[in-house]
Amino acid sequence: MIKIGRNDPCPCGSGKKYKKCCYNDAEKNSKIERAQKKAETKEDLIKFINEKIAVYVFKVELISMFVRQKDFEWDKNGIWRIIEIKGDQTLSDFHMAIQNAFNWDNDHMYSFFLSNKKWDRMTEYSGNPIEAEGDDLEIRDMGLRVSKKIKYLFDYGDELEHEIQLKRIMEEPDLTILYPRIIKENGTAPLQYGDYDE
């Protein structure tokens, strides 16, 4: 792991001191801090920061949950969303995109299971939005290939279970677009808490 001092040249290559450059931009600084954790040399750090960023296109499908909503009927074509996310965004960012896509309340812990097997602790990455804790693993560092499936579980009690599949990888992001974003959707998700019996 490489550490950049506040008075060192900013690794973005601007020629300014770090404290006068990316250090003051929360998003850029967060990316530099993540790159520092991966880098063994300053050359590695610069490479990670300047690496070309791809856009990952995922299909996220709700496959089961403990439904308390009365008379809810699942769409025969499924309840799914297509989400685009940049490779240098994190699993925490992906979690928030899924929350927004399905109108969940982001009030419970969550996990991604890279083996696509629920409760597989060996491949689990988890977060706790209540304590503002989430995994900072970047999408590009997950080693995903097109068609790879992973599991996303939100709320360990009601178990809102989703299957995620990587549909394609696009070479460059559109700089006019704010990622992550939903590009297609099908079906209305049930209410997270549904209707309680009196």
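Residues numbered from 1 in each chain as written. Predicted model: local features only at pLDDT ≥ 70, side-chain atom pairs only at ≥ 80, totals over all residues. Heavy atoms only, no water.

Draft legend 1. Spatial organisation of the side chain of H95. Residue position: H95 is located in helix 3 (residues 91-102). Taking the relative accessible area as the measure of exposure, H95 reaches 2% and is therefore buried. Non-local contacts of H95, meaning those with residues more than four positions away in its chain, are made with N106, Y110, F112, P129, Y152 and F154. (Helix = DSSP H or I, 4+ residues; strand = E, 2+ residues; numbered from the N terminus. Buried < 20%, exposed > 50% of the residue type's maximum accessible area, 1.4 Å probe, protein only. Contact = heavy atoms within 4.5 Å.)

Draft legend 2. Examining the sheet that holds strand 6 (residues 160-170) more closely. Across the sheet, seven strands lie side by side as 4-3-5-6-1-2-7; this open sheet has antiparallel pairing. The open sheet has two edge strands, strand 4 (124-127) and strand 7 (181-186), and neither has a second partner. The mean angle between the axes of side-by-side strands here comes to 20 degrees, regardless of whether they run parallel or antiparallel. Here strand 1 (residues 55-64) runs beside strand 6; their pairing, made up of nine bridges, is antiparallel. By the bridge assignment for strand 6, K59 is matched with Q165. Relative to the sheet, helix 3 contacts strand 1, strand 2 (79-86), strand 3 (110-113), strand 4, strand 5 (149-154), strand 6 and strand 7, its axis offset from that of strand 2 by approximately 145 degrees. (Pairing = 2+ DSSP bridges. Axes fitted to C-alpha atoms, helices over the stretch in contact; angles between N-to-C directions.)

Draft legend 3. Geometry of the packing of helix 1 (residues 26-38) against helix 2 (residues 42-50). Following both chains from N to C, one finds helix 1 and helix 2 inclined at 135 degrees, their axes separated by 9 Å at the closest point. It follows that helix 1 is oblique to helix 2 by the angle criterion. Of the two possible hands of crossing, helix 1 and helix 2 adopt the one that is right-handed. The segment helix 1 lies against helix 2, with I32, A35, Q36 and K38 engaging L45, F48 and I49. In terms of residue class, the contact of helix 1 with helix 2 is made up of five nonpolar, one polar and one charged. (Parallel < 35°, antiparallel > 145°, perpendicular 65-115°, else oblique. Left-handed = near helix turned anticlockwise from the far one by under 90°. Nonpolar A, V, L, I, M, F, W, Y, C, P; charged D, E, K, R; others polar.)

Draft legend 4. Region of the structure containing the pattern of salt bridges. If you walk through the whole model with that rule in mind, you get 15 salt bridges. Residue R181 is joined to E84 by a salt bridge in which the shortest nitrogen-to-oxygen separation is 2.8 Å. In this pair, R181 is assigned in strand 7 and E84 in strand 2, connecting sequence segments 97 residues apart. By relative accessible area, E84 is classed as buried at 4%. Counted as one network, the salt bridges with shared partners bring together R34, K38, E51, E138, R140 and D141. (Salt bridge = Lys/Arg side-chain N within 4 Å of Asp/Glu carboxyl O.)

Draft legend 5. Here's a closer look at the packing of aromatic side chains. Summed over the entire model, instances satisfying the criterion amount to 10 aromatic pairs. For the ring pair F102 and W104, a centre distance of 5.9 Å and an interplane angle of 10 degrees mean the geometry is stacked. For the pair formed by F102 and W104, the shared burial category is buried. One aromatic cluster is present, formed by Y56, F58, F94, Y110, F112 and Y152 through successive ring pairs. If you follow K38 out to its NZ or CZ, it ends over the ring of F48, 4.7 Å from the centre. (Phe/Tyr/Trp six-rings, centres within 6.5 Å; stacked < 30°, edge-to-face > 60°. Lys NZ or Arg CZ within 6 Å of the ring centre and 35° of its normal.)

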